[in-house]
Amino acid sequence: MATSPRRPLEPLVAVMGSTGTGKSDLAVDLALRFNGEIINADAMQMYKGLPIITNQISPEEQRGVPHHLLAMVDHHEPTWTVQNFAAEARKVIQGIRSRGKLPVVVGGTHYYVNSLLFEDSVIRERQIGDDDDAAWKADEKTSVEFPILDAPTDVMLERLREVDPVMGARWHPTERRRIRRSLEIYLMTGKRASDIYAEQQLSRLSSKDVGGPWEALMFWVYSKPDVLHDRLNRRVDKMLERGLMAEVKALHEESGETANRTKGVWQSIGFKQLEPFLRAEGDADSSPETVEKLKNAGMEEMRIATRQYARAQLKWIRGKTVPVLKEHDALRYLYLLDSSDADQFSADVLQPAADICRRFLQGEDMVKPCELSDTAREVLGPFEDSAPRPVLRHKTCDACHMTVLESEWGKHVNGRRHRRILKHKSRTALVLVEDAEAGVQGVTHDHVTNQLNSRPPSVDLGGLP
C-alpha cells in the first residue's frame, strides 16, 4: 500500500541496466549533483589492470567522483562471491553515509545490486554452515565432499527428486546449474532448498509491517534492442582501437595451464572468444591467412557474446528484480529512463533522473514511473498489473523420454506423438495392459511367460498376437 512521501533517513540510489546503456554516466552525474560517492557493482570491473576488456570507466569519465570497489582485485586472487561483495559494499556504504554523502550503486551484475536492495536475496553462509567467513559457492571443496555434484545431470535430478520433490519438480532436466544448486543446498545444510525459500518468503511477508520504510531509489537505464545492438557492435570495435588485443594477449600469457577459466576475469567477454586467434598467432605453422581469419571470427564472436550478455541482463531485471520489488511494495521506486537517443541523453536521462532524485531526497511527491515516458509505460506497464508468476513444474513421460510442463501434461498424453509411441510399444509387446495415464502400453516377454506358466492349459489365448 502506498504511503505519503517522506525524506529518507538512509537513502540509497541504484543505477542498473544492460551494458552500453549509459549507466556510469548517469551515476557520475547524480553523484556530482547530490554530493555522492559511487560503489561499483560490476563483477568484472572489480579487477585491476584490465580497463579495456572489462569496460571500466576512465579516470577522466569519473570526473573526480570517488569510485569504490573498482579496479581493486588482482585477477589471481580467489573469485569474489555475492556474499563477499555484499559484505564489503555495506561497509563502504556505511562509510559514505558517515561522511554525510549519498551512496550511488551502479553496475550490470544485477545479483550484486539485488544483494544490497534485498538483504534476503541470497542464502548467507551463516544460514548454511558454521563458518561465517566461508564463501557459498559450488567449488572443488563441495565436489570432493559430495561427488554426486559432479555426476551427470539426470543422476543429480533423480537424487533431488528424492530429497526435495518440490525443487525436483520445478527444474527442467536441462537446467543443470539450478539442479546442482538445489541439491547442494540440501547436502550442505540438511535442509531442503524449498523449505529455506519458503521460510524466506514468509519472513519477507511478515516483515512488511514491522520493517522500516523503503529508502532506495532505482533507475533502470534502458535502450531499445535494435539501437543497443548497433551500439554494442561499435563499442567492441572501439575497444579494439583502444588496445584490446594487447590486454587480451597479456592475460593469455599469464593464464597458463593451471588457471581456472570458468571463474573470475577469465569469464570476461573477449578472452575466450579471442583465444583461438592468440594460439594460432603463437604457432609457427599457422599461416597469416588462418591467423587473420581467426582474429575476425573472434571479434565477431565477441560482438555476439556482448549482445547476448545485454539480453541476459535485461532478462534478470524483468525476471528477478521486478518481481521482488513487487513483493516489497517498492515497484513505485523503479524509474525507467530511455537512453535510445544518444544525442538526447541529457534531456531523456540526466535531467529527469536529477528531478526524481531531488524529490526523493526531499520527501516530495514524485511522478509515477509509468508516466515518465512512452517507453517507460510500454516496459513497466505490464508489471504493474500482472499477477505473480506461477512456479513452473515439470513431469517426465517415461514412454516418450520427454519432460514437459505440468500444465501441458494433459495435452502431451493426448497428443499424436505420445499415442503413436504407446501404440508402437503395444504392438511390440506380447501382452497389452492399461496405462494409468493414457492409452495402453506393452509389458515384457518375461512377464508374459510368467503369466502363461501360472494359468491352466484351458485358458484361451486367442487375443494375443
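Numbers given to residues run from 1 along each chain, matching the order in which its sequence is written. Side-chain atom pairs in this predicted model are given and counted only at pLDDT of 80 or more, local residue features only at pLDDT of at least 70, and totals for whole chains, interfaces and linings cover all residues. Hydrogen atoms and water are omitted, and side-chain values are computed over all heavy atoms in the structure.

> How would you explain the sheet that holds strand S1 (residues 12-17) if you had to name every residue and give the values?
The parallel open sheet is built from 6 strands, whose spatial order is S3-S2-S4-S1-S5-S6. The sheet terminates laterally at strand S3 (67-68) and strand S6 (334-338), the two strands that pair on one side only. At least two bridges found by DSSP between two strands are what make those strands a pair. Labels follow the DSSP assignment, with helices taken as runs of H or I lasting at least four residues and strands as runs of E lasting at least two, numbered in each case from the N terminus. Pairing of strand S5 (residues 216-222) with S6 involves 5 bridges; the strand directions are parallel. Along S6, the bridge assignment pairs Phe219 with Tyr335. Against the sheet, helix H4 (residues 110-117) engages S1, strand S4 (102-106) and S5, with an angle of about 155° to S1. Should any heavy atoms of two residues lie within 4.5 Å, those residues are counted as being in contact. Lines fitted to C-alpha atoms define the axes here, with helix axes fitted over just the stretch in contact, and angles between the N-to-C directions of these axes take values from 0 to 180 degrees.

> Describe the nonpolar core, listing the residues and the values that go with them.
Here, the term nonpolar core denotes a set of buried Ala, Val, Leu, Ile, Met, Phe, Trp, Tyr and Cys residues that are joined through side-chain atoms within 4.5 Å. Burial classes follow relative accessibility: with a 1.4 Å probe on protein chains only, a residue under 20% of its type's maximum area counts as buried, one over 50% as exposed, and anything between as partly exposed. One finds Leu26, Leu117, Phe219 and Trp220 to be the most contacted residues of the largest nonpolar core, which totals 90 residues. Per element, the largest residue contribution to this core is 9 residues, and it comes from helix H15 (residues 345-362). The contact partners of Leu117, leaving out residues within four places of it in the chain, are Leu12, Ala14, Met16, Trp214, Ala216 and Met218. Among the nonpolar cores identified, the runner-up in size contains 14 residues, and Leu149, Leu160, Trp171 and Ala193 belong to it.

> Account for the confidence of the model for the chain, with residues named and values stated.
Confidence in the prediction of the chain, expressed as mean pLDDT, is 81, and 79% of residues score 70 or more. By definition, pLDDT measures how confident the predictor is in each residue, and it falls between 0 and 100. Below pLDDT 50 for its whole length, residues 122-141 participates in 39 contacts with residues either more than four positions away or in separate chains. Low confidence marks residues 431-465, where pLDDT is under 50. Its contacts with residues over four positions away, or in another chain, come to 34 contacts.

> Can you tell me about the packing of aromatic side chains, naming the residues and giving the values?
Two rings belonging to Phe, Tyr or Trp (six-membered ring only in the last case) form a pair when the distance between their centres is within 6.5 Å. Interplanar angles under 30 degrees mark stacking, angles over 60 mark edge-to-face geometry, and anything in between is tilted. The final tally for this structure, using the stated rule, is 7 aromatic pairs. Ring centres of Tyr333 and Phe360 lie 6.2 Å apart, and the angle between their planes is 75°; this geometry places the pair in the edge-to-face category. Of this pair, Tyr333 sits in the loop between helix H14 (288-327) and S6 while Phe360 sits in helix H15, placing them 27 residues apart in sequence. The buried category is assigned to Phe360, whose relative accessible area is 5%. Aromatic ring contacts, followed pair by pair, group Phe85, Tyr111, Tyr112 and Trp316 into a single cluster.

> I'd like a description of unusual backbone geometry, backed by residues and values.
One non-glycine residue, Ala71, adopts positive backbone phi at about 50°. With respect to the element layout, Ala71 can be found in the loop between S3 and helix H3 (82-98). What makes Ala71 partly exposed here is its relative accessible area of 30%. Phi is positive for Asp329, which is not a glycine, with a value near 55°.

> How would you summarise the side chain of Ser340 if you had to cite specific residues and measurements?
The residue Ser340 is located in the loop between S6 and H15 in this model. Look at Ser340 and you get buried, because its relative accessible area is 15%. Not counting residues up to four positions away in its chain, the partners in contact with Ser340 are Tyr222, Ser223, Lys224, Val227 and Arg231.

> Give a description of the pairing of strand S2 (residues 36-40) that names residues and reports values.
Summarising burial for S2: 5 of the 5 residues are buried, a large majority. Alternating residues of S2 divide into Gly36, Ile38 and Asn40 and Glu37 and Ile39, and every residue in both groups is buried. In this sheet, S4 lies alongside S2 in parallel orientation, the contact comprising 5 bridges. Within the sheet, the bridge partner assigned to Gly36 lies in S4 and is Leu102. The pairing of S2 with S3 spans 2 bridges and is classified as parallel. Each bridged residue has a counterpart across the sheet, and for Ile38 the counterpart in S3 is His67.

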